[in-house]
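Spelled out from the first residue to the last, the chains are:
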Amino acid sequence: MTDTTPVAVIGAGSWGTALAVLLARNGVPTTLWGRTAASVVEMAAARSNARYLPDLPFPDALQLSAALETTVRDAGTVLIVVPSHAFADTLDRIAPWIAPSAGIVWATKGFDPDSGRFLHELVAERFPAHPAAVVTGPSFAREVARGLPTAVTVHADDPAYAQAIAQLLHSPLLRAYTGADVLGAELGGAMKNVLAVATGVADGMQLGLNARAGLITRGMSEMLRLGAALGARAETLMGLSGLGDLVLTCTGDLSRNRRLGLALGRGVPIAEAVKEIGQVVESIVTVDTVMRLAREHAIELPISEGVQRVLHGEITPEEGMRMLLAREQKPEFP
Ligand SMILES: NC(=O)C1=CN([C@@H]2O[C@H](COP(=O)(O)OP(=O)(O)OC[C@H]3O[C@@H](n4cnc5c(N)ncnc54)[C@H](OP(=O)(O)O)[C@@H]3O)[C@@H](O)[C@H]2O)C=CC1
Ligand SMILES: O=C(CO)COP(=O)(O)O
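Residues numbered from 1 in each chain as written. Chains lettered and ligands numbered in written order. Predicted model: local features only at pLDDT ≥ 70, side-chain atom pairs only at ≥ 80, totals over all residues.

1. Focus on the overall build of the protein
Alright, step 1. Helix and strand counts for the protein stand at 16 helices and 10 strands.
Alright, step 2. Counting only residues that meet the buried cut, the protein has 51% of its 334 residues in that class.
Alright, step 3. A fraction of 70% describes how many contacts in the protein between residues 6 or more apart in sequence connect residues 24 or more apart. (Helix = DSSP H or I, 4+ residues; strand = E, 2+ residues; numbered from the N terminus. Buried ≥ 20, exposed ≤ 12 C-beta atoms within 10 Å, placed from the backbone. Contact = placed C-beta atoms within 7 Å.)

2. Notes on the site of ligand 2
Alright, step 1. In the vicinity of ligand 2, 13 residues are found, and the nearest of them are Ser139, Asp245, Ser255, Arg256 and Asn257.
Alright, step 2. Taken together, the elements giving at least two residues each to the shell around ligand 2 come down to α8 (182-204), α11 (240-251) and α12 (256-265).
Alright, step 3. The element that contributes the greatest number of residues to the shell around ligand 2 is α11, accounting for 3 residues.
Alright, step 4. Tallied by class, residues from the shell around ligand 2 come to 4 nonpolar, 5 polar and 4 charged. (Near = placed C-beta within 6 Å. Nonpolar A, V, L, I, M, F, W, Y, C, P; charged D, E, K, R; others polar.)

3. Regarding the site of ligand 1
Alright, step 1. By nearness alone, 27 residues border ligand 1, and Gly13, Ser14, Ala86, Ala141 and Gln279 come closest of all.
Alright, step 2. In terms of residue class, the shell around ligand 1 is made up of 11 nonpolar, 12 polar and 4 charged.
Alright, step 3. Looking at which domains feed residues into the shell around ligand 1, each of domain 1 (7-180) and domain 2 (183-326) gives three or more. (Domains from an automatic or database assignment.)

4. So, the domain arrangement of the protein
Alright, step 1. Each assigned domain of the protein is listed here: domain 1 (7-180) and domain 2 (183-326).
Alright, step 2. Here domain 1 and domain 2 have C-alpha centroids that lie 25 Å from each other.
Alright, step 3. At the junction of the two partners, domain 1 supplies 25 residues and domain 2 supplies 22 residues.
Alright, step 4. Elements with a minimum of two residues in the side of domain 1 that touches domain 2: α5 (119-126), β8 (132-136), β9 (150-155) and β10 (174-179).
Alright, step 5. At 4 residues, β9 tops the list of elements feeding residues into the side of domain 1 that touches domain 2.
Alright, step 6. Of the residues belonging to the side of domain 1 that touches domain 2, the class tally is 11 nonpolar, 12 polar and 2 charged.

5. Considering α12
Alright, step 1. Most of α12 is tucked away, with 10 of its 10 residues classed as buried.
Alright, step 2. Buried within α12 are the following residues: Arg256, Asn257, Arg258, Arg259, Leu260, Gly261, Leu262, Ala263, Leu264 and Gly265.
Alright, step 3. Those residues of α12 that are buried are in contact with α8, α11, α13 (270-277), α14 (283-296), α15 (302-311) and α16 (317-325).
Alright, step 4. One or two residues past the end of α12 sits Gly267, with phi positive at roughly 95 degrees.

6. A short note on the nonpolar core
Alright, step 1. In this structure, Val9, Ile10, Leu19, Val78, Leu79, Ala133 and Ile165 are the most contacted members of the largest nonpolar core, which totals 104 residues.
Alright, step 2. The biggest single contributor to this core is α8, with 12 residues.
Alright, step 3. Lining this core are residues from two domains, each supplying at least three of them: domain 1 (7-180) and domain 2 (183-326).
Alright, step 4. Apart from the residues within four sequence positions on either side, Ala133 is in contact with Gly103, Val105, Val154, His155, Ala156, Tyr161, Ala162 and Ile165. (Core = buried A, V, L, I, M, F, W, Y, C linked by C-beta atoms within 7 Å.)

7. Thoughts on the pairing of β10
Strand residues, when the strand is regular, have side chains that alternate between the two faces of the sheet.
Alright, step 1. Pairing geometry for β9 and β10, over 6 bridges, is parallel. Counted as the bridge partner of Thr153 is Tyr177 from β10.
Alright, step 2. The β-α-β motif built from β9, the intervening helix α7 (residues 159-169) and the parallel element β10 has right-handed crossover chirality. (Pairing = 2+ DSSP bridges. Right-handed = clockwise from strand over helix to strand, strands pointing away.)

8. Some points on the UniProt feature "domain: Glycerol-3-phosphate dehydrogenase NAD-dependent C-terminal" (unreviewed entry) in the protein
Alright, step 1. Sequence positions flagged by UniProt for "domain: Glycerol-3-phosphate dehydrogenase NAD-dependent C-terminal" (unreviewed entry) are, in local numbering, residues 181-320.
Alright, step 2. Structurally, residues 181-320 comprises 76% helix and 0% strand, and the distance from its first C-alpha atom to its last is 33 Å. (UniProt positions renumbered as here; feature names shortened; annotations may be inferred.)

9. Considering the confidence of the model for the protein
Alright, step 1. Confidence along the protein averages 97 in pLDDT terms, with 99% of residues attaining 70 or more.
Alright, step 2. Within the protein, helix α6 (residues 141-145) has the poorest average pLDDT of any element, 97, and β8 the best, 99.
Alright, step 3. Here the predicted complex scores 0.98 on pTM and 0.99 on ipTM. (pLDDT = per-residue confidence, 0-100.)

10. What to know about the environment of Pro172
Alright, step 1. For Pro172, the location among the structural elements is in the loop between α7 and β10.
Alright, step 2. Its 8 C-beta neighbours within 10 Å are what place Pro172 among the exposed residues.
Alright, step 3. Separated by 25 residues in sequence, Pro172 and Gly147 place their C-alpha atoms 9.5 Å apart.

11. Focus: the environment of Met321
Alright, step 1. For Met321, the location among the structural elements is in helix α16.
Alright, step 2. For Met321, a count of 21 C-beta atoms within 10 Å gives the class buried.
Alright, step 3. Separated by 49 residues in the primary sequence, Met321 and Glu272 have C-alpha atoms spaced 22 Å apart.
Alright, step 4. When residues no more than four places from it in sequence are discounted, the contact partners of Met321 are Ala202, Met205 and Leu207.

Written as structure tokens, this is what we have:
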């Protein structure tokens, strides 16, 4: 296995910054790249990311850069942590500079919104000869930044590569597990964002804890149904990348997707809610791909469909909840 270091973290938002700090604290030579030169200069001077992750001092060893070419050219691992809508473009931008032996790892959750494809499909098509892995699981950037105990999972077709990347991240307070189901790991991380909006809406409408638990469980069932049709392993979806992240995002108020749902459930217009959150809210684009995949495979996903219709302004949150409650009685497991 070729050297996985140094690591270039591409994307200086909350999660890219938290991962870069974690890696640097682990003694991994790491450079954090941000797309706006002025904010990189600010971060370098303040030794922190005031906009996305305030109060997290950067370790001395963490390097900052606004120069994509040199950052990528020198890297053994390019760790992409941009929002899903910028993922394909980021692959294009790193392509001229990436070393032939460097690996591509991503912590982005979602699909390519233009094509509706999985991110690993984009990576495999563009970089067939490079090792590749996805890092996912229940991990609020703010908690990782504070050094609170966290478990993530790294999936790759090549188990040795998953292990090598997990080794970089693993530390006394961050357990990094491994797996070989890239599709399943990506599906869980994408779908939980959509389902978090639904539980947020219910909580925003003060429908109670029973409703929340019912939505999480029936949401899990939607994840398993779509996963089975796409070839994901059920164990993956019941693990950190699926159930783990679903529980975190549906119940934790640090989640931006949950907060969007909470605001909608309280009657706040979507544009206002998104502006107030001020960070990426992946469900807004992810939901369309989830429903496209569901239709292609003739699978009913009533909760995800309700979220799609609410996010598109076709129905109100109240109508969405009424529709779910009015569905026919049926066995829990078909
Ligand atoms: N935050 C979290 O707790 C976790 C997030 N994730 C996932 O990580 C991904 C990134 O999220 P997160 O860091 O939270 O997002 P944030 O909203 O915190 O930050 C987004 C970052 O992406 C940058 N960005 C936006 N568009 C582009 C582009 N076209 N090219 C390069 N950079 C761009 C922004 O730059 P600028 O400021 O210049 O606009 C900003 O630095 C998402 O897919 C998310 O689901 C996964 C696990 C945990
Ligand atoms: O993916 C996350 C935690 O695992 C972050 O969730 P949000 O994007 O909803 O904030």
